[in-house]
Amino acid sequence: MKFLRDILDKQKPLFEKGGKFEKLFYLFEAQDTFLFTPNTTADTKGVQVRDAVDLKRMMITVVVAMLPCLAFGIWNVGYQHSIATGQDMEIMDQIITGLIVVLPIVLVAYVAGGLVEAVFAVIRSHPINEGYLVTGMLIPLVMPPTIPLWQVALASIFAVIIAKEAFGGTGMNILNVALTARAFLYFAYPTDISGDVWTYFGDKTPIDGFSGATPLALGAATTTGETAEPLMAQLNYGGYSFFDMMMGYIPGSIGETSTIMCLIGALILVATGVASWKIIVSVFGGAYFMGFIFNLIGGNEFMSLPPHYHWVIGGLAFGAVFMATDPVTATQTERGKWIYGFLIGVITVIIRIFNPAYPEGIMLAILFMNVFAPLIDYNIVNANKKRRLKRATV
Amino acid sequence: MSQTIKLKKGFTINLAGKAEKKIADCPQPETFAVKPTDFPAISRPKLLVAEGDNVKAGTPLFFDKVHPEVMYVAPVSGEVAAVIRGEKRKVLEIRILADKEIKSESFKAYSVSDLGNESKENVQEIMLKSGVWPNIVQRPFGIVADPTDTPKSIFISTFDSHPLAPDYDFIFEGQEQNFQAGLDVLSKFTSGQVHVNLNIDAEVSPIFSHVRDVEINKFGGKHPAGNVGVQIHHLDPVCKGDIAWTVNPFGVAQIGKLFLEGKYDASKVVALTGSEVTNPQYYKTFTGASVNKMTDSNLKSEHVRFISGNVLTGERISQDGYLGFYDHQVTVIPEGDYFEFVGWMKPTMKKLSYHRALGLMSFMNGAKKEYTLDSNTRGEPRAFVQTGVFENVTPMDILPTYLIKAILAEDYDDMESLGLLEVIEEDLALCEFVDVSKHEIQAIVRKGINLLRTA
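Numbering of residues starts from 1 in every chain and runs along the sequence as written. Throughout, the order in which chains and ligands are written sets their labels, letters from A for the former and numbers from 1 for the latter. With the structure being a predicted model, the display of local features is reserved for residues of pLDDT at least 70 and the display and counting of side-chain atom pairs for 80 or more, all residues being used for whole-chain, interface and lining totals.

So, the overall build of chain B
(1) Moving on: A helix here means a DSSP run of H or I that spans at least four residues, while a strand means a run of E at least two residues long, and both kinds are numbered starting from the N terminus. Of the regular secondary structure elements, chain B holds 13 helices and 21 strands.
(2) Moving on: Each principal axis of the C-alpha atoms in chain B carries an extent, and together these give about 65 × 50 × 50 Å.
(3) Moving on: Remark: C-beta atoms are placed from the backbone, and a residue is labelled buried if 20 or more other C-beta atoms sit within 10 Å of its own, exposed if 12 or fewer do, or partly exposed between those counts. Going through the 455 residues of chain B one by one, you find that 53% of them count as buried.
(4) Moving on: Long-range contacts, defined here as pairs at least 24 residues apart, represent 69% of the contacts in chain B between residues at least 6 apart. Note that contacts rest on C-beta atoms placed from the backbone: two residues are in contact if these are within 7 Å.

Listed below in structure tokens is the structure:
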């Protein structure tokens, strides 16, 4: 690797102060530190040795945790395609179909958002933060497979500028960047991200009787009272058993259908200590709690849905594991994490059941709690201050 | 009332190069130095000696114009060889070329019973003049105590939990009487208690466990259980308006000896530690010793970093640099100024990490594994992202992230209400070690302290 180092060292003066491209220093720095951990040493005073962790390693851990979801999502896109169009496809063909659909979306999200990051880093002269490694992967995973690529690009750019850079950049944002991208599309181009968009047809036409509706859409439909059929039976009629939904053999956004894959991701995140298990557990707990309360009230079929079904339908698991745990937008105090997660779970189920316009509640629930996270923290920090003050008067 | 407190949070860094419990046979270094920069509150040091002057151990070298009664004295007798100045003529070092035989300034010697009856004013005068006073460090702020204050209590931690820390039982061996006399003197100054805090996890030598007329508490757990700041937090926290004093056992024994024998004795036993030392062991020398004699032909490699103190709170010094005033330890570790190809995702068991992010497998080594760490920062500074980790290595009811952000925002009210009065740099040193975003936490803490102190 010496020759690579030599090349970089030769280029470096061009980008340093006084060099030809000094404005682009942080672009150079980004690739330099990506290839080589820098040779900086501890300052004269302060700690003389440092922990082996850095932000790059932390972020790559999250990306790795998302890989099972991505891999399953790629296959599932092809699988849903084969069912919907009535083709008998080999598993390899399904994967290839999935790759053709998903890879461009991933690529566009990374390039579009990454460019914005780079431009801001150059303008503001600060290093490029690694957070976008994660955001750029999250955005494709919450998109329907039929999403037009230009919308992916637009949403990524919008989200990075409005949700992150406008607030001061990495570490300062209030809202989860990937969810902002999705929410933007949801309200700006509703026809492309709701309704019959969850299955990729390509140039084929769907077979007769194909509905393409997600379990959530079916559930929401029952609340309008148009269907008398019990929801459970309807779910099963639609071909979705609890097991199917758990495994993720259902239409939906690219990466979120499989609860199992999300849980594998959760296992990685919790075992490595990168994400807060308190948030993940409390989101699931909150959803179960609210589902259980609705069971007791039992106004309609959707309300009577056994609470554990809420865990497997829609994007609850994906949101709980990858979105709610974003350390920047979640609560930052340990006690706050319990409250924050629990309320996300509760609000998700409330939105699912009572809001016919938005079948899925996790996105709005997390964005809503993102806004409230600082308030929760504020109260917990204040309690700490008060304890200290109380001591003084004694 | 004595208390026994077991701390759960924290992180012990187990490094290679522990000092063997024996005193090395080594000639004394030629030069010694006093560094005004070791005392963070000194703003305007006034020199009392010039190059070429002859001094004895205990002869005043300088004082701070803000507290002219507190003398900072020479550790050894000899000739003032050089006064090293930095920018704006700031005094950095006063170097003394030591005599072969150390001569000391003499003060009045007391018997134990006379000492008990002596008034606080008289002992204080001797302490200020003789140079033992700077051993007394005040909380809040971690600065040399103001002689006009009356502390609500005085705290002495009798163990050091830092990486490769010297064994206090060993380095203070045979100082029972001095230590007890020092405690007797200190108890004259406080209206409250003198707390002597012992280590629960080790067998404690009678020097510390058999002391009289003080409060004995026991602490256990991972580092920073030995930090006196953490102990104060659990025994009798410093609130707004409170003053507490802390003294290292070395200072207690030095004060005791001053009164029992009537001389200022700066001799101390220091540990030479670290993975790059061939024979890590203890050395008998004096405060401010040059480290060159002990490290000469005692190193495994060339490209190393010399640290006065430990790897968490120490200060880098040059190969012939000098021991800091409060330090009992010299650490030598490899210098880490190398590039590492994709070092940020390489799996490793050799690099220590509190985290378990992908590829960081040091947690599988078990607690007994000794690490060789170098000075590489292992990444670049970034924005605050991760949460919850600082809290896990800070065994106090303090929210470090919020405190640090309050300091960065220069929010005086928040700094105070979030607990800056209760900590000094060393108490949050572990946060700096584990920080994913590589902030200089200790420098930030000192900045905050200086803001509050001068507000």
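Now that the structure has been shown, the text picks up again.
Examining the overall build of chain A
(1) Moving on: Looking only at helices and strands, chain A features 17 helices and one strand.
(2) Moving on: What the globule rule says is 2.2 Å times the number of residues to the power 0.38, and the radius of gyration is computed from C-alpha atoms. Since a compact globule built from 394 residues should have a radius of gyration of about 21 Å, the 23 Å found for chain A is in line with a globular shape.
(3) Moving on: Scored against the burial criterion, the 394 residues of chain A give a buried share of 50%.
(4) Moving on: Contacts spanning at least 24 positions in sequence make up 72% of the contacts within chain A whose residues lie at least 6 apart.

Observations regarding unusual backbone geometry
Both trends apply: most residues other than glycine have a negative phi, and most peptide bonds are in trans.
All names here are of chain B.
(1) Moving on: The residue after Arg139, namely Pro140, is reached through a cis peptide bond having omega -5 degrees.
(2) Moving on: Mapped onto the elements of the fold, Pro140 is located in the loop between strand S10 (136-139) and strand S11 (143-144).
(3) Moving on: Cis geometry is found at the peptide bond from His223 to Pro224, where omega equals 10 degrees.
(4) Moving on: Summarising the element assignment, Pro224 is placed in the loop between strand S14 (215-220) and helix H6 (228-235).

A look at helix H13 (residues 441-454) of chain B
(1) Moving on: Take the residue count of a helix, subtract one, and multiply by 1.5 Å to get its expected span. End to end, H13(B) covers 20 Å across 14 residues, agreeing with the expected 20 Å (1.5 Å per residue, within 8%).
(2) Moving on: Against the buried residues of H13(B) lie helix H10 (400-408), helix H11 (412-417) and helix H12 (429-434) of chain B.

Considering the environment of Asn248(B)
Residue and element names in this part refer to chain B.
(1) Moving on: Looking at where Asn248 falls in the secondary structure, it is placed in the loop between strand S15 (244-247) and helix H7 (249-261).
(2) Moving on: For the pair Asn248 and Ser157, spaced 91 residues apart in the sequence, the C-alpha separation amounts to 6.8 Å.
(3) Moving on: With near-sequence residues (within four places) excluded, Asn248 lies in contact with Asn135 and Tyr326.

Re the packing of helix H4 (residues 91-124) of chain A against helix H6 (residues 149-164) of chain A
Residue and element names in this part refer to chain A.
(1) Moving on: Convention adopted: a line fitted to C-alpha atoms gives each axis, helices being fitted over their contacting stretch, and angles between N-to-C directions are expressed from 0 to 180 degrees. Running from amino to carboxyl end, H4 crosses H6 at an angle of 35 degrees, the nearest separation of the two axes being 8 Å. For H4 against H6, the interelement crossing comes out right-handed. Residue-level contacts link Pro104, Ile105, Val108, Ala109, Ala112, Gly113, Val116 and Glu117 of H4 to Leu149, Val152, Ala153, Ser156, Ile157, Val160 and Ile161 of H6. Here a crossing is taken to be left-handed if its near helix is turned anticlockwise relative to the far helix by less than a right angle, and right-handed if that turn runs clockwise.

Some remarks on the nonpolar core
(1) Moving on: In terms of nonpolar packing, the biggest core is built from 230 residues, with Ile139(A), Ala178(A), Val321(A), Tyr340(A), Ile344(A), Ile366(A) and Leu403(B) touching the most fellow members.
(2) Moving on: Broken down by element, this core gets its largest block of residues, 13 residues, from helix H3 (residues 55-84) of chain A.
(3) Moving on: Residues within four places of Tyr340(A) in sequence aside, it is in contact with Ile279(A), Ala330(A), Thr331(A), Met369(A), Ala373(A) and Ile376(A). Among buried residues, those of type Ala, Val, Leu, Ile, Met, Phe, Trp, Tyr and Cys that are joined through C-beta atoms within 7 Å form a set called a nonpolar core.

Considerations on the domain arrangement of chain A
Residue and element names in this part refer to chain A.
(1) Moving on: For chain A, the assigned domains read domain 1 (23-36 + 56-201 + 251-257) and domain 2 (267-394).
(2) Moving on: Segment limits for the domains were obtained from an automatic or database-derived domain assignment. Between the C-alpha centres of domain 1 and domain 2 the distance comes to 23 Å.
(3) Moving on: Looking at the side of domain 1 that touches domain 2, the elements that each hand over two or more residues are H3 and helix H7 (177-188).
(4) Moving on: Broken down by element, the side of domain 1 that touches domain 2 gets its largest block of residues, seven residues, from H3.
(5) Moving on: A breakdown of the residues in the side of domain 1 that touches domain 2 according to their chemical character gives 13 nonpolar, six polar and two charged. Gly falls in the polar group here, along with every residue not listed as nonpolar (Ala, Val, Leu, Ile, Met, Phe, Trp, Tyr, Cys, Pro) or charged (Asp, Glu, Lys, Arg).

Quick notes on the interface of chain A and chain B
(1) Moving on: Every contact between the two is made by 54 residues of chain A and, on the other side, 65 residues of chain B.
(2) Moving on: Taken together, the residues of the side of chain A that touches chain B break down into 21 nonpolar, 20 polar and 13 charged.
(3) Moving on: Pairing between strands is defined by DSSP: at least two bridges between the two strands are required. Pairing between strand S1 (residues 36-37) of chain A and strand S21 (residues 340-341) of chain B: two bridges, direction antiparallel. The residue bridging Thr37(A) from the neighbouring strand is Glu340(B), located in S21(B).

Description of the sheet that holds strand S18 (residues 304-308) of chain B
Residues and elements named next belong to chain B.
(1) Moving on: Taken together, six strands build an open sheet; the order of strands is S2-S17-S16-S20-S18-S19 and the sheet is mixed. Looking along the sheet, the strands with just one partner apiece sit at the ends: strand S2 (20-23) and strand S19 (315-317). In this sheet, neighbouring strand axes are inclined to one another by 35 degrees on average, regardless of whether the strands run parallel or antiparallel.
(2) Moving on: Here S2 runs beside strand S17 (residues 281-286); their pairing, made up of two bridges, is parallel.

Regarding the domain arrangement of chain B
(1) Moving on: As far as domains go, chain B holds domain 1 (4-12 + 106-261), domain 2 (31-103) and domain 3 (377-455).
(2) Moving on: The gap between the C-alpha centroids of domain 2 of chain B and domain 3 of chain B is 33 Å.

Structural notes on the sheet that holds strand S1 (residues 4-6) of chain B
Residues and elements named next belong to chain B.
(1) Moving on: Read across the sheet, seven strands follow the order S1-S14-S13-S12-S15-S10-S11 without closing on themselves; strand pairing throughout is mixed. Two strands bound the open sheet, and with one partner strand each, they are S1 and S11.
(2) Moving on: Here strand S12 (residues 153-157) runs beside S15; their pairing, made up of three bridges, is parallel. Paired with Phe155 across the strands is Thr246, a residue of S15.

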